Amino acid sequence: MALKPPSDASLTRVRKLVDVYCRKTGTTTHPEKEVTELVVLGLARHIDELGKPLCPCRFYPDKKEEVRHRTWICPCDDMQIYKYCHCLLFVNENGQPVTEHLPEDHEGRGIYGLVRDSTPDRGRPLRDQAEEREKERKERPS
Ligand code: SF4
């Protein structure tokens, strides 16, 4: 069965978020437009369902409970702390997510290796919260 399309209002909100956040962080959307579109649709559906753009690329036992933690509300903690986007929504010009700022044992380093941040002076407004994020990542994997 096909998924219900999201509302125009939620789609507009997500497209604006993506546009603004790319400019703020010096990242870009994926060179394959279908990749971006799938994530945008997922985020917009979550706004319709939950009132928040919960990351669509992860599994949650309880989505409403997950929203309360805020960790995976887009732009998520990993994006705001490390400039790393699991969903490939915010990437470099080659379609790779920035992994330079991730802890070395993070899954992103394992998958993509070291991907440098070409605009290190932009983005990462929560960079000072890496220690708390690492604690959460180990104690509450999600
Ligand atoms: S990984 Fe983070 S930044 Fe990327 S789409 Fe999901 S919530 Fe947004």
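Residues numbered from 1 in each chain as written. Predicted model: local features only at pLDDT ≥ 70, side-chain atom pairs only at ≥ 80, totals over all residues.

Q: I keep staring at the overall build of the chain and nothing clicks. Help me out?
A: Within the chain, the regular secondary structure consists of 6 helices and 0 strands. Put simply, the chain runs from its N terminus to its C terminus through helices and strands in the order α-α-α-α-α-α. Whereas a compact globule of 142 residues would reach a radius of gyration of roughly 14 Å, the chain reaches 15 Å, a difference of no more than 12%. Projected onto the principal axes, the alpha-carbon positions of the chain cover approximately 40 × 35 × 25 Å. A burial count over the chain gives 30% of its 142 residues as buried. Here the contacts in the chain between residues at least 6 apart in sequence split such that 50% fall between residues at least 24 apart. (Helix = DSSP H or I, 4+ residues; strand = E, 2+ residues; numbered from the N terminus. Rg over C-alpha atoms; globule rule 2.2 N^0.38 Å. Buried ≥ 20, exposed ≤ 12 C-beta atoms within 10 Å, placed from the backbone. Contact = placed C-beta atoms within 7 Å.)

Q: I'm lost on helix α2 (residues 33-50) in this one. Help?
A: Structural remark: α-helix, 3.6 residues per turn; residues separated by three or four positions point the same way. Taking 1.5 Å per residue, 18 residues should reach 26 Å; α2 reaches 26 Å between its end C-alpha atoms and fits that length. Inspection of α2 places Thr-36, Val-39, Val-40, Gly-42, Leu-43, Ala-44, Arg-45, His-46 and Ile-47 among the buried residues, and these make up the whole buried set. Looking at the buried residues of α2, the elements they touch are α1 (8-25). Immediately downstream of α2, the backbone of Gly-51 shows phi near 85 degrees, a positive value. (Expected span 1.5 Å × (residues − 1).)

Q: Just to check I follow, could you spell out the environment of Pro-56 for this structure?
A: Tracing the backbone through its elements, the reader meets Pro-56 in the loop between α2 and α3 (63-69). Accessibility expressed as a C-beta count within 10 Å gives 18 for Pro-56, which makes it partly exposed. When the C-alpha positions of Pro-56 and Lys-135 are compared, they lie 23 Å apart, and in sequence the two are 79 residues distant. Those residues in contact with Pro-56 that lie beyond four places of it in its chain are Val-39, Gly-42, Leu-43 and His-46.

Q: Sorry if this is basic, but what is going on with the site of the ligand here?
A: The local shell around the ligand holds 14 residues, among which Cys-55, Cys-74, Cys-76, Met-79 and Cys-85 are the closest. Its residues assigned to classes, the shell around the ligand comprises 12 nonpolar, 1 polar and 1 charged. (Near = placed C-beta within 6 Å. Nonpolar A, V, L, I, M, F, W, Y, C, P; charged D, E, K, R; others polar.)

Q: Would you mind going over the nonpolar core with me for this structure?
A: As a rule of thumb, nonpolar side chains are buried together in soluble globular proteins. Counting residues in hydrophobic clusters, the biggest one holds 23 residues, and the most contacted among them are Val-14, Val-40, Leu-43, Cys-55, Tyr-84, Cys-85 and Leu-89. Looking at this core, the elements with two or more residues in it are α1, α2 and α4 (77-82). Beyond its immediate chain neighbours, meaning those up to four positions away, Leu-43 contacts Val-14, Pro-53, Pro-56 and Cys-74. (Core = buried A, V, L, I, M, F, W, Y, C linked by C-beta atoms within 7 Å.)

Q: Before we go on, may I ask you to explain the environment of Thr-12 in this structure?
A: For Thr-12, the position within the fold is in helix α1. A sequence separation of 28 residues divides Thr-12 from Val-40, and the C-alpha atoms of the two residues are 9.7 Å apart.

Q: What exactly am I supposed to notice about the packing of α1 against α2 here?
A: Packed helices, taken two at a time, are described by their axes: the angle between them and the distance between them. Here α1 crosses α2 at 125 degrees, and the two axes come no closer than 8 Å. Here α1 is positioned oblique relative to α2, judged by the angle of their axes. Here the hand of the crossing between α1 and α2 comes out right-handed. For the pair α1 and α2, the contacting residues are Ser-10, Leu-11, Arg-13, Val-14, Arg-15 and Val-18 in the first and Val-40, Leu-43, Ala-44, Ile-47 and Asp-48 in the second. Each residue belonging to the contact of α1 with α2 can be placed in one class, and the counts come to 7 nonpolar, 1 polar and 3 charged. (Axes fitted to C-alpha atoms, helices over the stretch in contact; angles between N-to-C directions. Parallel < 35°, antiparallel > 145°, perpendicular 65-115°, else oblique. Left-handed = near helix turned anticlockwise from the far one by under 90°.)

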